[in-house]
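Summary of structural features
Each chain, letter by letter, is given below.
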Amino acid sequence: QVQLVESGGGLVQAGGSLRLSCAASESTSSMTFMRWYRQPPGKRREVVAAIGSGGGTHYAPSVKGRFTISRDNAKNTVYLQMNSLKPEDTAVYYCKAARGLGDYWGQGTQVTVSS
C-alpha cells in the first residue's frame with residue numbers, strides 16, 4: 001500500500017505562487033503516472049496535471065502555462081509549482097499515484113486564493 005502525503009497548501013493572494021509537494025512512501029520511479037487533482041468547493045474533482053515515468057507531462061487547459069509538475073525520484077516526491085494563481089484555483093489539491101492495477105490517493109491539501 002503506497003502512502004502519499006501532500007503539503008504546501010495555504011492562503012495566497014491572486015497572482016501569487018505556491019509549491020505543493022507529494023511525498024510517497026515508496027519509490028516514485030516505480031509509479032506509472034503521478035497526477036495532481038483538485039476539488040473546488042461544491043464541485044467535482046478534476047485532474048490538473050500528470051507526469052509519466054519517462055518525465056512526460058500533461059496539463060488541464062485551465063492551468064497550462066501557469067502550473068508545472070515535476071518529480072524527484074531520489075526524494076520520492078512529486079511537486080506542483082503553481083504561479084499566477086487565481087481565485088478559481090481555490091480547491092483541495094490531491095496527489096494520486098498509479099502503479100500496476102492500483103491507484104493511491106493522498107489526503108489532500110487546501111489551497112485558497114484571495115482576490
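Here is what the cut-offs are and how they apply
- Residues numbered from 1 in each chain as written.
- Predicted model: local features only at pLDDT ≥ 70, side-chain atom pairs only at ≥ 80, totals over all residues.
- Heavy atoms only, no water.
- Salt bridge = Lys/Arg side-chain N within 4 Å of Asp/Glu carboxyl O.
- Helix = DSSP H or I, 4+ residues; strand = E, 2+ residues; numbered from the N terminus.
- Buried < 20%, exposed > 50% of the residue type's maximum accessible area, 1.4 Å probe, protein only.
- Polar contact = N/O pair within 3.5 Å; in protein donor to acceptor, adjacent residues only side chain to side chain.
- Contact = heavy atoms within 4.5 Å.
- Core = buried A, V, L, I, M, F, W, Y, C linked by side-chain atoms within 4.5 Å.
- Disulfide = S-S within 2.5 Å.

The next point concerns the pattern of salt bridges. Overall, the coordinates contain five salt bridges when judged by the stated rule. Between Asp 89 and Arg 38 there is a salt bridge; the shortest N-O distance is 2.9 Å. Here Asp 89 is found in the loop between β8 (77–82) and β9 (91–99), whereas its partner Arg 38 is found in strand β4 (residues 33–39), with 51 residues between them in sequence. Overlapping salt bridges bring together Arg 38, Glu 46, Arg 66 and Asp 89 as one network.

Glancing now at the side chain of Thr 77. As for its placement among the helices and strands, Thr 77 is situated in strand β8. We classify Thr 77 as buried; its relative accessible area is 8%. Within the structure, the side chain of Thr 77 is placed 2.8 Å from the backbone oxygen of Lys 75, a separation counted as a polar contact. Those residues in contact with Thr 77 that lie beyond four places of it in its chain are Ser 21, Cys 22, Ala 23, Thr 28, Ser 70, Arg 71 and Asp 72.

This brings us to the nonpolar core. Ranked by internal contacts, the top residues of the largest apolar core, which has 28 residues, are Leu 4, Met 34, Trp 36, Phe 67, Leu 80, Met 82 and Tyr 93. If you list the elements that add at least two residues to this core, you get β3 (18–24), β4, β5 (46–52), β7 (67–72), β8, β9 and β11 (109–114). With sequence-adjacent residues up to four places away left out, Phe 67 is seen in contact with Arg 38, Val 48, Tyr 59, Leu 80, Gln 81, Met 82, Asn 83, Leu 85, Asp 89 and Tyr 93.

By definition, a disulfide links the sulfur atoms of two cysteines through a covalent bond. Per the stated rule, a full pass over the model turns up one disulfide. At a sulfur-sulfur separation of 2.1 Å, the disulfide partner of Cys 22 is Cys 95. Taking the torsion about the sulfur-sulfur bond, which here is approximately -80 degrees, the covalent link between Cys 22 and Cys 95 counts as left-handed. You can see Cys 22 sitting in strand β3 and its partner Cys 95 sitting in strand β9, a full 73 residues away along the chain. Given the relative accessible area of 0%, Cys 22 is considered buried. Accessibility expressed as a relative area gives 0% for Cys 95, which makes it buried.

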